[in-house]
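# A look at the structure
Listed here are the chains, written in short residue letters.
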Amino acid sequence: MRTILEWLEHNAACLPDHTAVEDADSSLNWRELQKQAEEGGAFLSSYVEWNKPVVLIWQKNCRAVVWLYSILYSGGFYVCIDPEQPLERMRKILHRLHDPVVIAEEAAGRRLADSGYAGRILTDMSAAQPSSDTGRFTPDMSVRQSSSGTGKCTPGGAAASDAQNRTALSDAPGSARPADLLYSVFTSGSTGEPKGIAVSQASAAAFIRHFAEVTGISEKDSIGSQAPFDFDVSVKDLFTSCLTGARLVLIPRTLFAVPGELVDYLAEKKITVLIWAVSALCMISSFGGFDYRIPGDIRLVMFSGEIMPVRQLRIWQKALPEAEFINLYGPSEITCNCTYYRVPRDFQGDELPIGIAFPGRKVFLLDQSMQEIRTPGRKGQICVGGESLSEGYYGDREATERTFIFLNRERICLTGDMGYFGEDGLLYFAGRQDDEIKHMGHRISLGEVEHAMGEVSGVKRACCLYDRGRSRIIGFYIGDVDKKALRCGLKELLPTYMIPNRLVQKSSFPMSEHGKTDRKKLMEELV
């Protein structure tokens, strides 16, 4: 089985009645999920070009999972956008994708249409609910057209006819090919333009096979999914479940603000596996979640996205003495992760290694002269070769050629992360080469935050720094706008996790001897 859809069809045949996915309100078994996805894909095939992006703007629920697989059946690849993203950021992503077909819940579709979006928008009109007796998808989407016939979605437009839908259902394409794209996730770009990392079916399938092999996840497991679908941690949730037949449980976002309710949910759903961002794990351990209840079915906890504080890890280990803990590392460009470290029960260090390479990967360090570093303790840029590298940045050849190069005739990825090998032979993370950070599980370019701050009326200059000790973004600015107004302005331009945790108004910025803003001194002045 070479593609994700072949895995899905295998589960539908071999585990038809086994729960595939469930949210707080509904669930689907593997037979229902595959059937609905196939029919949804046939419906979409009238609108989707082969190996082209289809954007899904949807809440994280069972219906969204059906749509993701439907997009694959239609021949396209998926790009998820959180419905709560600022409209301006949505528009930038859609522009980079050349105004693709968008599938959206009604409110999100109307919001996008009202903004003047020129592409086609398919919005759910409530009739795409699966039938309780047949599990049939029965798509009935509102396909709104502008008066000029460009495919622009305008409120009040005519819905696609039943005849059109029936025709679409008879024209479903076959399964995707390994070389076809599977998804693209957008990360922060230093110019203010998000970058879309494109990953093929083959790359994702190769990684997920090794990931399942290393972690031992099986059809007996229940994966508690924390990551939003526009964050590539979700790729491990979705497709490890699809490969192994494990039950995928989607955890409501609202629970991550209430530790007691969250651990209740984990316990009641009998979750056995967590693949979470560090910040999500720390929310439970920092705010006394385990003092309330222990979700005792958890056997495996994996974390990534940021450096895990050892103090928080020990709280988790104490609460779940029989569970295994694995530290994962890797940027989205190499398809999820490239290294892992199984944390010993008696780990006594102050710094967690990021470990060893997954099978199929070669992970090494290069110095500024592009020579490999083998000396323990000497820092260099972390580079990755082997299978599962992404195809690059969608529609951005220049950025792709900067990050993906050929070294000794082998294509490799320059991650921009720094690391070193310890005397134990394990790899350790040592920060970023540039201004990209990992904050709340997301990769963020401080340059993009600065760019957005500069776009708010009243801001003359902006400088953004990251306080690693307190895990917070600090936005310094010169201008006459007050902090409340600046924060309101940023909410129109950036997702919540990118807005500085603290805003500091300055009359001037300190300058270095080279005439640049002295960022180190700026941080020292804060203290």
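Treat the numbers as computed from the prediction; the structure is a model and nothing was measured.

### Notes on the overall build of the protein
- When you go through the protein residue by residue, the secondary structure sums to 16 helices and 28 strands.
- Expressed as a percentage of the 527 residues in the protein, the buried residues total 59%.
- Here the analysis covers contacts within the protein between residues at least 6 apart in sequence; of these, 65% occur between residues at least 24 apart.
- Total accessible area computed for the protein in this model is approximately 22,100 Å², and 47% of it derives from carbon and sulfur atoms.

### Structural notes on the nonpolar core
- Counting 84 residues, the largest nonpolar core has Y69, Y78 and F239 as the members making the most contacts within it.
- With 10 residues, helix α3 (residues 62-74) is the largest single contributor of residues to this core.
- For Y78, the contacting residues outside a window of four places in its chain are V54, L68, I71, L72, L182, Y183, S184, V235, L238 and F239.

### With respect to the pattern of salt bridges
- Taken as a whole and assessed by the stated rule, the structure comprises 22 salt bridges.
- One salt bridge connects E401 with R397, and the closest N-O pair in it is separated by 2.9 Å. In this pair, E401 and R397 are both assigned in helix α13 (residues 397-403), 4 residues apart and thus about one turn of the helix distant.
- For E401, a relative accessible area of 48% puts it in the partly exposed group.
- Judged by its relative accessible area of 66%, R397 is exposed.

### Details of unusual backbone geometry
- Its identity is not glycine, yet T335 carries a phi of approximately 65°, on the positive side.
- Mapped onto the secondary structure, T335 falls in the loop between β14 (324-329) and β15 (339-343).

### Description of the packing of helix α10 (residues 278-286) against helix α12 (residues 310-319)
- Taken N-terminus to C-terminus, the directions of α10 and α12 make an angle of 70°; their axes are 9 Å apart at the nearest point. In terms of orientation, α10 and α12 fall into the roughly perpendicular class. For the pair α10 and α12, the sense of crossing is left-handed. Across from L281, C282, I284, S285 and S286 in α10, the residues of α12 making contact are Q312, I315 and W316.
- Here the residues of the contact of α10 with α12 sort into 5 nonpolar, 3 polar and no charged.

### Overview of the sheet that holds strand β26 (residues 459-467)
- Read across the open sheet, the 3 strands follow the order β26-β27-β28; overall the sheet is mixed. In this open sheet, the two edge strands, each paired with only one partner strand, are β26 and β28 (502-505). Between one strand and the next, the sheet's axes are offset by a mean angle of 25°, whatever the strand orientation.
- Taken together, the 4 bridges between strand β27 (residues 472-479) and β28 define a ladder with parallel strand orientation.

### Looking at the confidence of the model for the protein
- Per-residue pLDDT for the protein averages 88, and the proportion of residues at 70 or more is 88%.
- Low pLDDT (under 50) marks residues 125-140, which in the prediction has 35 contacts with non-local residues, meaning those over four places away or in another chain.
- Across residues 144-174 the pLDDT falls below 50, and counting only partners more than four positions away or on other chains, this stretch makes 69 contacts in the model.

### A word on the pairing of strand β13 (residues 300-304)
- Judged by how many residues are buried, β13 sits mostly within the fold: 5 of 5 residues are covered.
- Residues L300, M302 and S304 line one face of β13 and the alternating positions V301 and F303 line the opposite face, and both faces are buried.
- Pairing between strand β12 (residues 273-277) and β13: 5 bridges, direction parallel. Directly across from L274, in β13, lies its bridge partner V301.
- Where β13 meets β14, 4 bridges bridge the pair, whose relative direction is parallel. Its bridge partner being in β14, V301 is matched across the sheet by F325.
- Chirality of the crossover, the property in question, places the unit of β13, α12 and β14 among those that are right-handed.

### Considering the packing of aromatic side chains
- Going through the model one piece at a time under the given rule, you end up with 15 aromatic pairs.
- Between F211 and F358 the ring centres are 6.2 Å apart and the planes differ by 40°, which places this aromatic pair in the tilted class. Here F358 lies in the loop between β16 (356-357) and β17 (361-366) and F211 lies in helix α7 (residues 201-215), a separation of 147 residues in the sequence.
- Ring plane angle 45° and centroid distance 4.8 Å describe the contact between Y340 and F358, whose orientation is recorded as tilted. Pair noted here: Y340 is in strand β15 and F358 is in the loop between β16 and β17, with a separation of 18 residues, a long-range link. For the pair Y340 and F358, a shared accessibility class is recorded, and that class is buried.
- Here the aromatic residues F207, F211, Y340 and F358 are joined through ring pairs into a cluster of three or more.
- Across the ring face of F364, the terminal group of K362 is positioned such that the distance to the ring centre comes to 5.1 Å.

### Looking at helix α5 (residues 106-114)
- For α5, the complete set of buried residues consists of E106, A108, G109, L112 and A113. Projected down its long axis, α5 shows its buried positions confined to an angular sector of 165°, all on one face. The exposed residues of α5 that point more than 90 degrees off its buried face are A107 and D114.
- Elements that come into contact with the buried residues of α5 comprise β3 (53-57), α4 (87-96), β5 (101-104) and β6 (121-124).

Scoring rules and cut-offs
- Residues numbered from 1 in each chain as written.
- Predicted model: local features only at pLDDT ≥ 70, side-chain atom pairs only at ≥ 80, totals over all residues.
- Heavy atoms only, no water.
- Helix = DSSP H or I, 4+ residues; strand = E, 2+ residues; numbered from the N terminus.
- Buried < 20%, exposed > 50% of the residue type's maximum accessible area, 1.4 Å probe, protein only.
- Contact = heavy atoms within 4.5 Å.
- Areas by Shrake-Rupley, 256 points an atom, 1.4 Å probe, with all protein chains shown as cover.
- Core = buried A, V, L, I, M, F, W, Y, C linked by side-chain atoms within 4.5 Å.
- Salt bridge = Lys/Arg side-chain N within 4 Å of Asp/Glu carboxyl O.
- Axes fitted to C-alpha atoms, helices over the stretch in contact; angles between N-to-C directions.
- Parallel < 35°, antiparallel > 145°, perpendicular 65-115°, else oblique.
- Left-handed = near helix turned anticlockwise from the far one by under 90°.
- Nonpolar A, V, L, I, M, F, W, Y, C, P; charged D, E, K, R; others polar.
- Pairing = 2+ DSSP bridges.
- pLDDT = per-residue confidence, 0-100.
- Right-handed = clockwise from strand over helix to strand, strands pointing away.
- Phe/Tyr/Trp six-rings, centres within 6.5 Å; stacked < 30°, edge-to-face > 60°.
- Lys NZ or Arg CZ within 6 Å of the ring centre and 35° of its normal.
- Arc of directions from axis to C-beta.

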